Structures are given as structure tokens and as C-alpha cells.
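Each chain is listed here by its residues.
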Amino acid sequence: METNNTAKSLLSGFLCLALALAVSLGAGILFGDKAKKGTDAELTAAINAAAEGNAGYEDITDDYIPQNEKGVSLYLIKSGTGGKDVYCARTTAKSRGCTVDALTTFSADGVIMSVRILSAKGGNGNGADIIEKSGILSHFGGVPYDSDVITVNSVTAAGGFDDAVVISVNKACGAISKVLYVEEESE
Amino acid sequence: MRKRSLSDIAADGLLYKNPLLIRMLGLSTAVFASTAAKNALAMGLCALAVLMLSAVTLSVLRGVITDASRKWCVLFTVCGYTTLVHLFVRAFFHGADAALGIYLPLIAVSGLCFTHGSAIASRVSPVPALLDALFVGLGYLAAMTVAAVIRELFGMGSFFGIRIFNGGVAFLATPAGGFILFGILAAAVTYFSGKRRDSDEL
């Protein structure tokens, strides 16, 4: 009797495990591609908003960023008006429990054009609102990638979200310096 | 288990045994998601979907589920459906996925689904299990949305993301403010429902 119960328990456990695996795999097959495209669509929308009238973008991360460097993606945004191309760096940074995913747009000569927050998680309250209210994003516009201002901001950043934004922009500046260095070398 | 009428199931799920305000299930997730009404709505709908899907499955399998394996069966089933819902949200509502972050997949280990699966869904036939899951989920969704509207309106001065006034009581947007608000709402619901909290009786 007890053996029967044990067998039944094992059978039901494995049955539910198999079902859970089947549902998860099925979900991956059904929605996996769309889930990835959803992320891409959000990035495209952010890039379009950051560099208006562009003629598309190209992922150049592998050309400049080592594979072991996590949380940095670089994009070359092609000018749609015959002007110079610009760059975007998508960087993720964490500070005091707050994680920020930011898109920093640079002009061809490495001056920050804008910083947009793609997501702000963790911490207390709505991260995007907190960052917007702090006004920290307005400090970066027009600042060259090698400016000390960005480092100074990391000292004065009030909260975890602000600090994560500054770290994120610093990472973006580090990434763009590699692009500009390679360009200077090739010239 | 005694048979309950539809009105009993509805009243229990929505009010007398409200999972969030009376039985305090899934409270940590609710405190995080209720900083904005849109997030609360998204989280509530996801929890509702997982609850209903796992309730039907566990109910259909109740003949083979034993007392010894019940916890594992509930956990596996809820995990499977949470993955399904998470990927669905990520595919079609990426903004909601980004806003809810880790709290969305955490539905898998939420006391809400686990308790319902163990105590109700894996013990009754599919229709009552589904109805119970529906009203428990709606009770959770309603309580969280009400709390979120209060927190968003008085904490940040907006209503479903639309700015109504500047400023607000920032404390309401913090986890401590959220817990206190849930405490006040729980006290109000307990008082007005006129029934004592009894989380053991299901």
C-alpha cells in the first residue's frame, strides 16, 4: 500500500515536472522570437527618438567592445540627411540596488547629444520618475566624452538611480572613446 | 470540502478572504508593483492568468496528486505557467515587462498561487477551481490597483501616468509607505466586511 502511494507520488511529481517543462519550452518556441523582437523594437524607437531622421542603425559592438565586457552595446546611427553619422551606446549600470539601462547618443566627435533611460529597476519607487525629477539627465547634454564633469557628477549624485545613471554614462563614454581612438588611428 | 455557491466564492475571493488585504499573500510583490497603477494592473492580470491556468491543470490532475507530492506538483505547475505568462508579456507588452522586472517571474514563488494551488485547485473539480481562481485573482488585482491608484495619486501626483498635480507625499511611493497603506486598507476591509481574518479556513 505504502509502495503504491510512493509510486503514485513520484508519478504525479514527474508528471507535473514534465508538464511544466513542456509549457516552458512551448512558450519559448511560441514567444521567444517575439520577446527578443520586442526588445529590439524598443531600442529602435529610442534610437529614432534620439537621432531624428536617421537612415537606420548598425550594431558595431563586436568591432570595439571585448566579448567579456558585459552591459555595453554600441550602435552606428547613419545620417539620413547627408550629415555626419552619430553613435549610440546602450549601457547598463547598477548602484545601491538600482539598475539603469541607458542609451547615450554621441555626435561624430564624441560630444554627448542626449541620454535616455530605457529602464530603471530596483530601489524605492518608480525609477524613471525619480531620475526625471532629479534632473540629472540635463547635466550631460553638450559635454564631451572625456570631460571631468561626468566624473564629478558621480560624486554629487544623490541617490542610487542618479549614481547608476552617471556610471552608465561613464561606461558609454569609455565605449565611445574606443571608437574615436580607432578612427584617429586609421586617419 | 463543503460545496460553495458562486456568490460565496465571489464574496470570499473579492472581500472576506481577499488574498492581499485579509490573507496577506503576495504582499512583497504587491508593494513593489503598486507604485504605479499601470504596473499594478499588469501584475494583477499576470497573477490572475497564472492562477487560472494552474488551477485548471491542478484540478484535472487531482486524481494522481497525493498529499506527499502536492507541494511539488503545485510548484512545478505554477513555475511552468509563470514562464508562459512572462514570455508572453515580454513578447507583446515589453514596457510592462521592463517596469515589473524581476517581480513578474517571482509570481512562480508567490504565496498567492502556491496557497491557492495546494488548498483549493488540487482538491476540487475544474469548474469550482477555475471560479475560485478567477475571484481570488480579481480580489488580488482589485486590492493592488486600489492601493496603486492611491499611492500614485497622492505620492506622485499622477493618475495612470497622467500628471494631475505637482508634488505629493513621496513617502507613499516608498516600500514603507506601501506597507503602511496596505495595513490601513486591510484594517478598513476587515472592519467593513465585519468578519475576522481567518487565513486557515478555506
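Predicted, not measured: the structure shown is a model, and the values here were computed from it.

A.B. asks: In this structure, what is going on with the overall build of chain A? I would like to understand it.
C.D. replies: When you go through chain A residue by residue, the secondary structure sums to five helices and five strands. N-terminal to C-terminal, the α/β element order of chain A is α-β-α-β-β-β-β-α-α-α. For chain A, the proportion of its 187 residues judged to be buried stands at 40%. Excluding contacts between residues fewer than 6 apart, the proportion of contacts in chain A whose partners are at least 24 apart in sequence is 49%.

A.B. asks: Looking at this model, I keep getting lost on the confidence of the model for chain B. Mind explaining?
C.D. replies: Interpretation of the predicted coordinates at a detailed level should be avoided for regions scoring low in pLDDT. Scored by pLDDT, chain B comes out at a mean of 86, with 95% of its residues at no less than 70. Model confidence for chain B, summarised as mean pLDDT per element, is weakest for helix α5 (residues 94–100) of chain B at 77 and strongest for helix α3 (residues 37–60) of chain B at 93.

A.B. asks: How do you make sense of the interface of chain B and chain A when you look at a structure like this?
C.D. replies: As a measure of interface size, the accessible area lost when the parts come together is often cited. Residue-level contacts link 30 residues of chain B with 27 residues of chain A. Linking chain B with chain A are zero salt bridges. Here chain B is connected to chain A by four residue pairs in polar contact (both at pLDDT 80 or more). Secondary structure elements with two or more residues in the side of chain B that touches chain A: α4 (70–92) and α5 of chain B. Counting residues per element, the side of chain B that touches chain A draws most heavily on α4 of chain B, at twelve residues. Here the residues of the side of chain B that touches chain A are counted per class, giving 17 nonpolar, eleven polar and two charged.

A.B. asks: What is the right way to read the packing of aromatic side chains from this model?
C.D. replies: Two numbers describe a pair of aromatic rings. These are the distance of the centres and the angle of the planes. All names here are of chain B. Here the structure, examined in full by the defined rule, presents eight aromatic pairs over all chains. Summarising the aromatic geometry, the rings of phenylalanine 32 and tyrosine 103 are spaced 4.0 Å apart at their centres and angled 15° between planes, so their arrangement reads as stacked. Of this pair, phenylalanine 32 sits in helix α2 (residues 27–33) while tyrosine 103 is found in the loop between α5 and α6 (111–121), placing the two residues 71 residues apart along the sequence. Between the aromatic rings of tyrosine 191 and phenylalanine 192, the centroid separation amounts to 5.2 Å while the plane-to-plane angle is 80°, which identifies the pairing as edge-to-face. Grouping residues by exposure puts tyrosine 191 and phenylalanine 192 together as exposed.

A.B. asks: What am I meant to see in the sheet that holds strand β5 (residues 112–122) of chain A here?
C.D. replies: Note on sheets: strands pair through backbone hydrogen bonds, and any given pair is parallel or antiparallel. All names here are of chain A. Strand order in the open sheet formed by five strands is β1-β2-β3-β4-β5, with antiparallel pairing between adjacent strands. Pairing within the sheet leaves two strands with one partner each, and these edge strands are β1 (57–59) and β5. Looking at each pair of strands side by side, their axes are set apart by 20° on average, direction ignored. The pairing of strand β4 (residues 98–106) with β5 spans nine bridges and is antiparallel. Bridge assignment links leucine 103 to a residue of β5, and that residue is arginine 116.

A.B. asks: Mind showing me how you'd approach the pattern of salt bridges here?
C.D. replies: Pairs can form between side chains of opposite charge whenever their charged atoms are close. Residues and elements named next belong to chain B. A full pass over the atoms with the stated rule returns four salt bridges over all chains. One salt bridge connects arginine 90 with aspartate 97, and the closest N-O pair in it is separated by 3.1 Å. With a relative accessible area of 6%, aspartate 97 lands in the buried category.

A.B. asks: Any chance you could explain the side chain of aspartate 101 of chain A here in plain terms?
C.D. replies: Residue and element names in this part refer to chain A. Tracing the chain through its elements places aspartate 101 in strand β4. For aspartate 101, a relative accessible area of 11% translates into the label buried. A polar side-chain atom of aspartate 101 sits 2.8 Å from a polar atom in the side chain of arginine 90. Among all residues touching aspartate 101, those that are not within four sequence positions of it are Arg90, Thr91, Thr92, Arg116, Ile117, Leu118 and Ser119.

Scoring rules and cut-offs
- Residues numbered from 1 in each chain as written.
- Chains lettered and ligands numbered in written order.
- Predicted model: local features only at pLDDT ≥ 70, side-chain atom pairs only at ≥ 80, totals over all residues.
- Heavy atoms only, no water.
- Helix = DSSP H or I, 4+ residues; strand = E, 2+ residues; numbered from the N terminus.
- Buried < 20%, exposed > 50% of the residue type's maximum accessible area, 1.4 Å probe, protein only.
- Contact = heavy atoms within 4.5 Å.
- pLDDT = per-residue confidence, 0-100.
- Salt bridge = Lys/Arg side-chain N within 4 Å of Asp/Glu carboxyl O.
- Polar contact = N/O pair within 3.5 Å; in protein donor to acceptor, adjacent residues only side chain to side chain.
- Nonpolar A, V, L, I, M, F, W, Y, C, P; charged D, E, K, R; others polar.
- Phe/Tyr/Trp six-rings, centres within 6.5 Å; stacked < 30°, edge-to-face > 60°.
- Pairing = 2+ DSSP bridges.
- Axes fitted to C-alpha atoms, helices over the stretch in contact; angles between N-to-C directions.

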